[in-house]
Amino acid sequence: QVQLVESGGGLVQPGGSLRLSCAASGSNFRVNSMAWYRQAPGKQREWVAMITSVGDASYADSVKGRFTISRDAAKNTVYLQMNNLKPEDTAVYSCNAAIQKIGNILFSYYWGQGTQVTVSS
């Protein structure tokens, strides 16, 4: 079984920074694309950023220029560096990964448990 575990959330003041991590663990799998989503209280989950297996990144307009997604393929880990945080960035951040079990053709999407990010003075 493959698991995704996030870390790095917390409370930060407006203008501050946080770095989230999400590591995939298990056996006999290959990770394709990885992404971050967030869900604020009372709102629908929204896509934040995505990185492909070859390192191409894309971002939601609301975070472009402030957030940077990266990955360490050897560690099956994706990161989200968040700078110049705003109160509207407050949400539960979850990672999502397209994972292929060795021997299977299709990919399945896995979710982490989420980590809380609160931006407040």
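The structure contained in this document is the topic of the report that follows. (Residues numbered from 1 in each chain as written. Predicted model: local features only at pLDDT ≥ 70, side-chain atom pairs only at ≥ 80, totals over all residues. Heavy atoms only, no water.)

What follows is about the overall build of the chain. When its secondary structure is counted, the chain shows zero helices and 11 strands. When the helices and strands of the chain are placed in sequence order, the string is β-β-β-β-β-β-β-β-β-β-β. Here the chain has a C-alpha radius of gyration of 14 Å; the compact-globule value for 121 residues is 14 Å, and the two agree. A principal-axis box enclosing the C-alpha atoms of the chain has dimensions of 50 × 25 × 25 Å. A sequence separation of at least 24 residues applies to 55% of the contacts in the chain between residues at least 6 apart. Approximately 6,600 Å² of the chain is accessible, and the part contributed by carbon and sulfur atoms is 47%. (Helix = DSSP H or I, 4+ residues; strand = E, 2+ residues; numbered from the N terminus. Rg over C-alpha atoms; globule rule 2.2 N^0.38 Å. Contact = heavy atoms within 4.5 Å. Areas by Shrake-Rupley, 256 points an atom, 1.4 Å probe, with all protein chains shown as cover.)

Another aspect to go through is unusual backbone geometry. Unusually for a residue other than glycine, Asn76 sits at a positive phi of about 50 degrees. The exposure class of Asn76 is partly exposed, given its relative accessible area of 24%. A positive phi angle, near 50 degrees, is found at Asn84, a position not held by glycine. When you line up the elements, Asn84 lands in the loop between strand 8 (77–82) and strand 9 (91–101). (Buried < 20%, exposed > 50% of the residue type's maximum accessible area, 1.4 Å probe, protein only.)

One recurring pattern in soluble globular proteins: nonpolar side chains tend to sit buried together. By size, the foremost hydrophobic cluster in this structure holds 32 residues, and its most contacted members are Trp36, Leu80, Met82 and Tyr93. At the level of secondary structure, the elements contributing two or more residues to this core comprise strand 3 (18–25), strand 4 (29–39), strand 5 (46–51), strand 7 (67–72), strand 8, strand 9 and strand 11 (115–119). Among the elements that make up this core, the one with the highest residue count is strand 9 (five residues). (Core = buried A, V, L, I, M, F, W, Y, C linked by side-chain atoms within 4.5 Å.)

So, on to the state of the cysteines. Within the structure shown, the criterion is met by one disulfide. Sulfur-sulfur distance for the disulfide between Cys22 and Cys95 comes to 1.8 Å. In this structure the cystine formed by Cys22 and Cys95 twists about its S-S bond by roughly 40 degrees; its chirality is therefore right-handed. Taken as a pair, Cys22 in strand 3 and Cys95 in strand 9 lie far apart in primary sequence, 73 residues in all. Relative accessible area serves as the criterion here: at 0%, Cys22 is assigned to the buried category. For Cys95, a relative accessible area of 1% puts it in the buried group. (Disulfide = S-S within 2.5 Å.)

Remember, this is a structural readout, not a statement about activity or role.
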